[in-house]
Amino acid sequence: MADIDFTKLNRQQKLAVFLICIGPEAAAEVLKQFDDAEIELLCREMSTFPMIPEATQKQAMEEFSAIVASSVGSALGGLPFAQRTLEIAKGDYKAQSIIGRVGPVAGSSVEVISDIAEMEGRQIFNLIKHEQPQTISFVLSYLDPAKSAEVFALLSPDLREEVVERLGTIESTSLDLVSKIVRSLGKHFDSKVRPAFHRSGGVRAVAGLLNSLDKEMSKNLLARIEERNATLGAAIRKKLFSFEDLNRLAAADLQRVLREVDSGNLAISMKSASEALREKIYAGLSKRAAESLKEEIELLGPVRLKDVEAAQDVIIQAVRRLEEEGQISLDSESQALVA
């Protein structure tokens, strides 16, 4: 790469160079102070600097010496750096959303997939049912969990296992492969196909899919995946989250979740909760709030199971959102749970 004239860079370019020099962890802390629009611009700039020469590193560090963080070991930039930094700063979900807009020639390929995502589940199934498992998993990775589960349920049992395994191991899809897949699927649309950067799937996508499936199907499928690929199965199980798994949250994280939850929903959701979980939730509330919640539960009387499950699902979605935003962690040591 040609030398960079640091003195001729604008402010955003200089900051992008500095963020690359201090490494993804420290850069992520800096990015947390910006809004998404500013982050997108900075990531676009970072992706244009695959390598920072030593002389330029020195200039950047000198100019930003007042705010230099502890990590100064990284000088490799480019799109992977921007993506890794975003994941640390904003979580996988927002990182995927932002990086998809700053990658090279992003556009019509994603538009084709977006068109597919708008179709009915049966239509999507008819479109991809004769495709290879890798292509099917690629398409499922773009769908919301409910629609992904609808399409997935239409696949044959043997194909399901292979698709889930492929979906769980998706890290990044090469531009050539994206182009090939979209050309194959895009013939059904009036779109001019160009390759685009894509990163999707992974353990989180599989967990979302399994949580949206029938519980028995989800349980059996996970057991089979664990037989086929123990490492992947363990990672998926760690990301799966049921209402009882509130037990495995750290106390501070549980309190953060409870602040997001309507007391009415919480009361209904606890009608089927284990005694251990009830006690943990009460402990996460103030004494007054805990007493109020106990009274509200007693006043409810009998509640239909589907209403309890609906209330629990609202709380589970809140947990997932907070985890995606990096406000809580699901990676605490798991405790033994009562089924």
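As the structure is a computational prediction, the values presented were derived from the model and not from experiment. (Residues numbered from 1 in each chain as written. Predicted model: local features only at pLDDT ≥ 70, side-chain atom pairs only at ≥ 80, totals over all residues. Heavy atoms only, no water.)

### Points about the overall build of the protein chain
Across its full length, the protein chain holds 19 helices and zero strands. Counting all 339 residues of the protein chain, 46% fall into the buried class. Contacts in the protein chain between residues far apart in sequence, at least 24 positions, make up 78% of those at least 6 positions apart. Looking at the protein chain as shown, the accessible area adds up to about 17,600 Å², and 50% of this sits on carbon and sulfur atoms. (Helix = DSSP H or I, 4+ residues; strand = E, 2+ residues; numbered from the N terminus. Buried < 20%, exposed > 50% of the residue type's maximum accessible area, 1.4 Å probe, protein only. Contact = heavy atoms within 4.5 Å. Areas by Shrake-Rupley, 256 points an atom, 1.4 Å probe, with all protein chains shown as cover.)

### Observations concerning the confidence of the model for the protein chain
Looking at the protein chain as a whole, its pLDDT mean stands at 75, while 72% of the residues score no less than 70. When the criterion is pLDDT under 50, residues 104-108 qualifies, and its contacts beyond four places in sequence or with other chains add up to 13 contacts. Here residues 189-200 scores under 50 on pLDDT; set against residues more than four positions off or in separate chains, the count is 50 contacts. (pLDDT = per-residue confidence, 0-100.)

### Here we look at the packing of helix α8 (residues 133-140) against helix α10 (residues 157-168)
Helix-helix packing: each pair is described by the crossing angle between the helix axes and the interaxial distance. At their nearest, the axes of α8 and α10 sit 8 Å apart, and the two run at 65° to each other. Crossing geometry of α8 relative to α10 is assigned as right-handed. Residues P133, Q134, I136, S137 and L140 of α8 touch α10, and the partners they reach there are L159, E162, V163, R166 and L167. Tallied by class, the residues present in the contact of α8 with α10 amount to six nonpolar, two polar and two charged. (Axes fitted to C-alpha atoms, helices over the stretch in contact; angles between N-to-C directions. Left-handed = near helix turned anticlockwise from the far one by under 90°. Nonpolar A, V, L, I, M, F, W, Y, C, P; charged D, E, K, R; others polar.)

### With respect to helix α1 (residues 11-22)
Along its twelve residues, α1 runs 17 Å from first to last C-alpha, staying within 8% of the 16 Å computed at 1.5 Å per residue. Of all twelve residues that make up α1, nine are buried, and the element is covered over most of its length. Of all the positions in α1, only K14, L15, A16, V17, F18, L19, I20, C21 and I22 are classed as buried. For α1, the N-terminal capping position is held by N10, with its side-chain oxygen 3.1 Å away from the main-chain nitrogen of Q12. Immediately downstream of α1, the backbone of G23 shows phi near 90°, a positive value. (Expected span 1.5 Å × (residues − 1). Polar contact = N/O pair within 3.5 Å; in protein donor to acceptor, adjacent residues only side chain to side chain.)

### Let's talk about the nonpolar core
Counting 31 residues, the largest nonpolar core has I124, F152, L210 and I236 as the members making the most contacts within it. At the level of secondary structure, the elements contributing two or more residues to this core comprise α6 (108-117), α7 (121-128), α8, α9 (145-152), α10, α12 (203-212), α13 (215-228) and α14 (230-239). Beyond its immediate chain neighbours, meaning those up to four positions away, L210 contacts S218, L221, L222, I236 and L240. Formed by 24 residues, the second largest nonpolar core is a distinct cluster that contains L246, L254, L258 and A273. (Core = buried A, V, L, I, M, F, W, Y, C linked by side-chain atoms within 4.5 Å.)

### Some points on the environment of E54
Along the chain, E54 falls in helix α4 (residues 54-63). In this structure E54 comes out as exposed when scored by relative accessible area, which is 70%. Sequence-wise, E54 and C21 are 33 residues apart; in three dimensions their C-alpha atoms are separated by 9.7 Å.

### Here we look at the environment of L213
Tracing the sequence through the fold places L213 in the loop between α12 and α13. In this structure the C-alpha to C-alpha distance between L213 and A149, which are 64 residues apart in sequence, comes to 5.6 Å.

### Thoughts on the pattern of salt bridges
Evaluated as defined, the whole model comprises ten salt bridges. Among the salt bridges present, the one from R248 reaches D245, with a minimum N-O distance of 3.6 Å. The same class applies to R248 and to D245, which are both buried. For the salt bridge of E260 with R256, the shortest nitrogen-to-oxygen distance reads 2.7 Å. With E260 and R256 both in helix α15 (residues 251-260) and four residues apart, the pair spans about one turn of that helix. For E260, a relative accessible area of 34% puts it in the partly exposed group. Residue R256 is classed as buried on the basis of its relative accessible area of 18%. (Salt bridge = Lys/Arg side-chain N within 4 Å of Asp/Glu carboxyl O.)

### Some points on helix α19 (residues 305-324)
Compared with an ideal rise of 1.5 Å per residue, which puts 20 residues at 28 Å, α19 spans 28 Å between its outermost C-alpha atoms and is within 8% of the ideal. Residues V308, A311, Q312, I315, I316, A318, V319, R320, L322 and E323 constitute the buried set of α19. Those residues of α19 hidden inside the fold are in contact with α12, α14, α15 and α16 (263-269).

### Concerning the packing of α1 against α4
The contact between α1 and α4 brings their axes to 9 Å, and the two run at 105°. In terms of their interaxial angle, α1 and α4 are classed as roughly perpendicular. Facing α1, whose interface residues are K14, V17, F18, C21 and I22, α4 presents T56, Q57, A60, M61 and E63. Residues belonging to the contact of α1 with α4 are distributed by class as follows: six nonpolar, two polar and two charged. (Parallel < 35°, antiparallel > 145°, perpendicular 65-115°, else oblique.)

### Some thoughts on the environment of K58
Here K58 is to be found in helix α4. Using a relative accessible area of 55% as the deciding quantity, one classes K58 as exposed. Once the C-alpha coordinates of K58 and F18 are considered, the two residues, 40 residues apart in sequence, prove to be 9.6 Å apart.

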